[in-house]
Amino acid sequence: MERSAIFEKLNDIFCDVLDLDEVTLDEATSADDIDEWDSLSHIQLIVAIEKGFGIKFSSKEIITWKNVGQMVDSIAAKL
Amino acid sequence: MALIAVPMYTALMHNRARYQNVWLLLASYVFYGYADWRTLPLLAVTTVVYYALGIGIDRANKAGAARRASWLTAAGVVLGVGVLFYFKYLGFCVRQFAELFSQFGLDTSGATFAIVVPVGISFFTFKLISYVIEVNRETLAATRRLDEFALYVAFFPTIMSGPIDRPGQFLPQLKQPRRADATAIADGAKRVLWGWFAKVCIADRLMPYTDAVINNPEHHNGASITLAAVLYLIQMYADFAGYSDMAIGTAQMLGLRVAENFKRPFFARNIAEYWQRWHITLTTWLTDYVFMPLNIKFRSLGMTGLYLATMINLLLIGMWHGPNWTYALFGIYHGVLLCVTTALDRPRKKWEKRHGLRQAQWYAWLRRLLTFVLCCWGALLFRSNSIGDFALMTGKMISEWGPLYTQGTTPIFSLGLLSILILAGKEYNDEMNKGVHLLHNRSRVIRLTTVTLLVAFIVFTGVLEGATFIYFQF
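**Remarks on the overall build of chain B**
Thinking step 1. When you go through chain B residue by residue, the secondary structure sums to 18 helices and 0 strands.
Thinking step 2. Against the compact-globule benchmark of 23 Å for 474 residues, chain B has a radius of gyration of 24 Å, which places it among compact chains.
Thinking step 3. With respect to the three principal axes, the spread of C-alpha positions in chain B is 70 × 70 × 60 Å.
Thinking step 4. In chain B, the proportion of contacts linking residues at least 24 apart, taken out of those at least 6 apart, comes to 75%.
Thinking step 5. With the model as given, the accessible surface of chain B reaches about 22400 Å², and the carbon-plus-sulfur share is 66%.
Thinking step 6. For chain B, the distance from the average site of its 44 positive side-chain charges to the average site of its 27 negative ones is 10 Å.

Now the structure itself:
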């Protein structure tokens, strides 16, 4: 899957889980940039992403993500 | 200690960072040894072991041996928790088992167990554990400098009672020489002064009242107990935040930044926010190393997983204070409050939006008051000598009211309350950004006058007969 396609799919998942009308994620987007993205919704996002892409992250991966770019790196490595 | 260390250290400023680090390390070991020399070897040995573990984990990660790195990290975590358990909790467990067996008629008189609890053990073991976890997560490179690592562990302003610094924030500061900076020294000294005020004018002033009531619940009515619960929460805050201010201020004078530990907790509008403002370095430590990993592990369980992780986290916060059933119940109490807050979060936000309450000041103050009341009851449980005492006091708070206990309490209700008002005024000003700055005013006259008045107030009204800090026992 192309990196841009992963971002598009992630945009949909974020809108769905965080109840947003529209969101445009980029490599540097982090929880600081989106009000609704707190520690509670973070876990819900992870579960939705795993389900949406049919993959499973390790705990260490999840803990060390600093931004959406690193999250996409992990997704791309598993597809 | 600060009086000797700071001037010598300043004299070493403009020199190499290494001289300053070694000097501070020596000062820290003398300070620790002065508190209790018997446990000094434990501090030194664990420091060397974790220093070596850090290098081992770093090498394993660089060689792509993730499994070896994980094993070494696990060894570090188990060792830290084991040391903490042995010194702090084993005696309690032995006593509990002895009591249980004696109920079945077994002779357990030989099962008494006396262990010296090393000073600050709950604080420095947490620093050691976070170091190996961060190195394993590759968010921090293992340091090769034993003197820097040992100083991170033993840094004298924080070893007794925190704040629990993170290696990623503290260690890099030791690479650069610290230069004498008049503003930093003055600001640090003011921070120490403010901490001293909170300690001797509030915490130590209120202590006789809370001690008298909570240690003798059978002699007091619900009114006195309710007042003692409110005063104890304020006392604990003034004591611990006061100590934290003194530690942060001392570090500031030495040119080092230490993590903040409190952020005006009594302005929190719910329990979740309260824990983001109270003993911040402990709660963020547990959030990063216990709550988030558990939350991630339990993610397939949905909200149940979140509640489970919350309860375990808060139970650990309670038990961290020591082996006592009141601390465990305190953790459970706050865990339940947090779960309820989480469960009500979304419905509450929708309800507030519908009724236009988001910006309403009266509503925000009502929420602050409710949070404060819940925390007062929690503080009473925390301070109770037993769960039985807590139950007795709670019963009296509901059913047995009468005149307040006021014997010999004139200074508490005059000087104590005046000091609380001063503290509350400062916190209100800071929280609401009212822009009144007395200690940090642009005008030198106002700055000096404020400092002078504060010193005079402390000297004339403070309780200066050297009481210890509440958090030293943890």
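**Quick look at the interface of chain A and chain B**
Thinking step 1. At the junction of the two partners, chain A supplies 16 residues and chain B supplies 15 residues.
Thinking step 2. Approximately 1300 Å² of surface area, both sides summed, lies buried where chain A meets chain B, with 62% of it carried by carbon and sulfur atoms.
Thinking step 3. The largest contributions to the chain A side of the interface with chain B come from A:Leu40, A:Ile43 and A:Ile63, which together make up 38% of the buried area.
Thinking step 4. Taken together, the links from chain A to chain B amount to 2 salt bridges.
Thinking step 5. For A:Glu50, the salt bridge goes to B:Arg299, with nearest N and O atoms at 2.5 Å.
Thinking step 6. One can count 3 residue pairs in polar contact (both at pLDDT 80 or more) joining chain A with chain B.
Thinking step 7. Every element with two or more residues in the side of chain A that touches chain B is listed here: helix H2 (39-53) and helix H3 (59-64) of chain A.
Thinking step 8. Of the residues assigned to the side of chain A that touches chain B, the class counts are 7 nonpolar, 5 polar and 4 charged.

**Quick look at the pattern of salt bridges**
Residue and element names in this part refer to chain B.
Thinking step 1. Across all of its chains, the model carries 29 salt bridges over all chains by this definition.
Thinking step 2. Arg 18 serves as the salt-bridge partner of Asp 147, at 3.5 Å between the closest nitrogen and oxygen. With Asp 147 in helix H6 (residues 146-154) and Arg 18 in helix H2 (residues 17-36), the pair connects residues that are 129 residues apart, well separated along the chain.
Thinking step 3. Here Asp 147 falls in the buried class, since its relative accessible area comes to 11%.
Thinking step 4. Asp 36 serves as the salt-bridge partner of Arg 38, at 3.0 Å between the closest nitrogen and oxygen.
Thinking step 5. Look at Asp 36 and you get buried, because its relative accessible area is 11%.
Thinking step 6. Connected via shared salt-bridge partners are Arg 264, Arg 269, Glu 273, Arg 277 and Glu 431.

**Focus on helix H13 (residues 303-320) of chain B**
Thinking step 1. Across its 18 residues, H13(B) extends 26 Å between first and last C-alpha, which sits within 8% of the 26 Å expected from 1.5 Å per residue.
Thinking step 2. Of all the residues in H13(B), the buried ones are B:Gly305, B:Leu306, B:Ala309, B:Thr310, B:Asn313, B:Leu314, B:Ile317, B:Gly318 and B:Trp320.
Thinking step 3. Its buried side turned inward, H13(B) meets H2 of chain A together with helix H4 (66-103), helix H5 (121-136), helix H11 (271-277), helix H12 (280-297) and helix H14 (325-354) of chain B.
Thinking step 4. One or two residues past the end of H13(B) sits B:Gly322, with phi positive at roughly 145°.

**Focus: the nonpolar core**
Thinking step 1. Among the nonpolar cores identified, the biggest contains 153 residues, and A:Leu10, A:Phe14 and B:Leu233 are the most heavily contacted of them.
Thinking step 2. Of the residues forming this core, the biggest block, 17 residues, is contributed by helix H10 (residues 222-253) of chain B.
Thinking step 3. Counting only domains with at least three residues in this core, you end up with domain 1 (2-180) and domain 2 (183-473) of chain B.
Thinking step 4. Look past the residues within four positions of B:Leu233 in its chain and what remains in contact with it is B:Phe266, B:Tyr274, B:Trp278, B:Phe372, B:Cys375, B:Cys376 and B:Ala379.

**What about a nonpolar patch on the surface?**
Residues and elements named next belong to chain B.
Thinking step 1. Nonpolar side chains collect at one region of the surface, where Trp 196, Val 455, Val 459, Phe 460 and Leu 464 lie side by side and expose about 480 Å² of accessible area between them.
Thinking step 2. No other element matches helix H18 (residues 444-461), which puts 3 residues into the nonpolar patch.
Thinking step 3. Take Leu 464: it is sitting in the segment after H18.
Thinking step 4. Judged by its relative accessible area of 43%, Leu 464 is partly exposed.

**Thoughts on the domain arrangement of chain B**
Residues and elements named next belong to chain B.
Thinking step 1. Once the domains are mapped, chain B shows domain 1 (2-180) and domain 2 (183-473).
Thinking step 2. For the pair domain 1 and domain 2, the summed buried surface comes to about 3000 Å²; carbon and sulfur atoms form 66% of the total.
Thinking step 3. Seen at the junction of domain 1 and domain 2, the total is 1 salt bridge.
Thinking step 4. Across the salt bridge formed by Asp 288 and Arg 166, the nearest N and O atoms sit 3.1 Å from each other.
Thinking step 5. Taken together, the links from domain 1 to domain 2 amount to 15 residue pairs in polar contact (both at pLDDT 80 or more).
Thinking step 6. Elements with a minimum of two residues in the side of domain 1 that touches domain 2: helix H1 (2-12), H4, H5 and helix H7 (156-159).

Rules and cut-offs
Residues numbered from 1 in each chain as written. Chains lettered and ligands numbered in written order. Predicted model: local features only at pLDDT ≥ 70, side-chain atom pairs only at ≥ 80, totals over all residues. Heavy atoms only, no water. Helix = DSSP H or I, 4+ residues; strand = E, 2+ residues; numbered from the N terminus. Rg over C-alpha atoms; globule rule 2.2 N^0.38 Å. Contact = heavy atoms within 4.5 Å. Areas by Shrake-Rupley, 256 points an atom, 1.4 Å probe, with all protein chains shown as cover. Lys, Arg positive; Asp, Glu negative; His and termini not counted. Charge placed at Lys NZ, Arg CZ, Asp CG, Glu CD. Buried area = accessible area lost by both parts, 1.4 Å probe. Salt bridge = Lys/Arg side-chain N within 4 Å of Asp/Glu carboxyl O. Polar contact = N/O pair within 3.5 Å; in protein donor to acceptor, adjacent residues only side chain to side chain. Nonpolar A, V, L, I, M, F, W, Y, C, P; charged D, E, K, R; others polar. Buried < 20%, exposed > 50% of the residue type's maximum accessible area, 1.4 Å probe, protein only. Expected span 1.5 Å × (residues − 1). Core = buried A, V, L, I, M, F, W, Y, C linked by side-chain atoms within 4.5 Å. Domains from an automatic or database assignment. Patch = residues over 30% accessible without salt bridge, like charges linked within 9 Å, V, L, I, M, F, W, Y side chains within 5 Å.

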